[in-house]
Amino acid sequence: VATEAKTGHFSRLYNGQTKIDFVRRRKLWFAISGIVILAGVISLATRGLNYDIEFVGGTSWQVPAHNVTPAQAKNTLASYGLGGATITSLGLSNGQYLQVQAKLGNGQGIISVDKKNQIAAVLAKLTHNSVSAVSIEAVGPSWGSQVTNKAVEALIVFLVMISVYISVFFEWKMALAAIIAVLHDIAVTVGIYSLLYFLVTPDTI
């Protein structure tokens, strides 16, 4: 009894010591999965994915910010034509940072050098930093298109290699089930990214 008390739920699941009848409740799992995928498809059709500037091009500013929230930054930058910018708070190894991304095709064209410096000065003042502490990154539309194409190619190659590997080492029924499971997981993941509007970066792919 003492041993069972010390054993966690995940440990028992890993060692096959659970009594959850997954197969008997398969209709429930299929229903939940179907709802998540359907909601993801609707979300993809209506608002799509939240791509990083590496995919669509644009300008990014990053500055150390310990006590400034994305909402505060959004309100400050709205009067400078960046009300539609994607603003996130990043926890990096050397502290908390604020990242502002103005993407091309999101109501924002190519930003001039003067405006980039102006926004950098505004962020520096807002976060109580010097202008030199603000890093600026610009990605052109052609580069973003190349990154997108490479990401799609990488995903296709991954799926093909996984399918070949599974087909060789499993009998066809198990291989088919495993391939469907891989496609299912990708569909669920993409749907959740769209529903919650998570940022899609090259690392995400």
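Note that the structure is a prediction, hence the values are computed from the model and not measured.

1. Here we look at the side chain of Ser 194
- In this fold, Ser 194 is placed in helix H8 (residues 172-195).
- What makes Ser 194 buried here is its relative accessible area of 0%.
- Engagement of the side chain of Ser 194 in a polar contact is seen with the backbone oxygen of Gly 48, the distance being 2.9 Å.
- Discounting residues that sit within four places of it in the chain, Ser 194 has contacts with Gly 40, Ser 43, Leu 44, Arg 47, Gly 48 and Leu 49.

2. Section: the packing of helix H7 (residues 141-169) against H8
- Where H7 meets H8, the closest approach of the two axes is 9 Å, and the angle between their N-to-C directions is 155°. By the angle class used here, H7 and H8 are roughly antiparallel. Seen along the crossing, H7 lies across H8 with a hand that is right-handed. Across the interface between the two elements, Leu 155, Leu 159, Ile 162, Ser 163, Ile 166 and Ser 167 of H7 pack against Ala 175, Ala 178, Ile 179, Val 182, Leu 183 and Ile 186 of H8.
- Here the residues of the contact of H7 with H8 are counted per class, giving 10 nonpolar, 2 polar and no charged.

3. A look at the layout of surface pockets
- Considered as a void within the structure, the largest pocket measures approximately 430 Å³ in volume.
- What lines the largest pocket is a set of 16 residues, and nearest its centre among them are Leu 155, Val 190, Val 200, Thr 204 and Ile 205.
- Of the residues assigned to the lining of the largest pocket, the class counts are 13 nonpolar, 3 polar and no charged.

4. Let's talk about a nonpolar patch on the surface
- A surface patch of nonpolar side chains, about 900 Å² in accessible area, is lined by Val 152, Ile 156, Val 160, Val 164, Tyr 165, Val 168, Phe 169, Phe 170 and Met 174.
- Take the nonpolar patch: its biggest share by element is 7 residues, from H7.
- With respect to the helices and strands, Phe 170 occurs in the loop between H7 and H8.

5. Quick notes on the confidence of the model for the protein chain
- The pLDDT averaged across the protein chain works out to 83; a share of 93% of its residues lies at or above 70.
- Across the protein chain, the element-wise mean pLDDT spans from 48 in helix H1 (residues 2-6) up to 92 in helix H3 (residues 26-46).

6. A look at the pattern of salt bridges
- For the structure shown, the criterion picks out 1 salt bridge.
- The closest approach of N and O atoms between Lys 150 and Glu 153, which form a salt bridge, is 4.0 Å. On the criterion of helical spacing, the pair formed by Lys 150 and Glu 153 is a turn pair, its members being 3 residues apart in helix H7.
- Owing to a relative accessible area of 56%, Lys 150 belongs among the exposed residues under this scheme.

Reading guide: rules and limits
- Residues numbered from 1 in each chain as written.
- Predicted model: local features only at pLDDT ≥ 70, side-chain atom pairs only at ≥ 80, totals over all residues.
- Heavy atoms only, no water.
- Helix = DSSP H or I, 4+ residues; strand = E, 2+ residues; numbered from the N terminus.
- Buried < 20%, exposed > 50% of the residue type's maximum accessible area, 1.4 Å probe, protein only.
- Polar contact = N/O pair within 3.5 Å; in protein donor to acceptor, adjacent residues only side chain to side chain.
- Contact = heavy atoms within 4.5 Å.
- Axes fitted to C-alpha atoms, helices over the stretch in contact; angles between N-to-C directions.
- Parallel < 35°, antiparallel > 145°, perpendicular 65-115°, else oblique.
- Left-handed = near helix turned anticlockwise from the far one by under 90°.
- Nonpolar A, V, L, I, M, F, W, Y, C, P; charged D, E, K, R; others polar.
- 1 Å grid on protein atoms, 1.4 Å probe; cavity = no way out; pocket = protein on both sides within 12 Å on 5 of 7 lines; lining within 4 Å.
- Points joined across faces, edges and corners; volume = space filled by probe spheres on them.
- Patch = residues over 30% accessible without salt bridge, like charges linked within 9 Å, V, L, I, M, F, W, Y side chains within 5 Å.
- Areas by Shrake-Rupley, 256 points an atom, 1.4 Å probe, with all protein chains shown as cover.
- Salt bridge = Lys/Arg side-chain N within 4 Å of Asp/Glu carboxyl O.
- pLDDT = per-residue confidence, 0-100.

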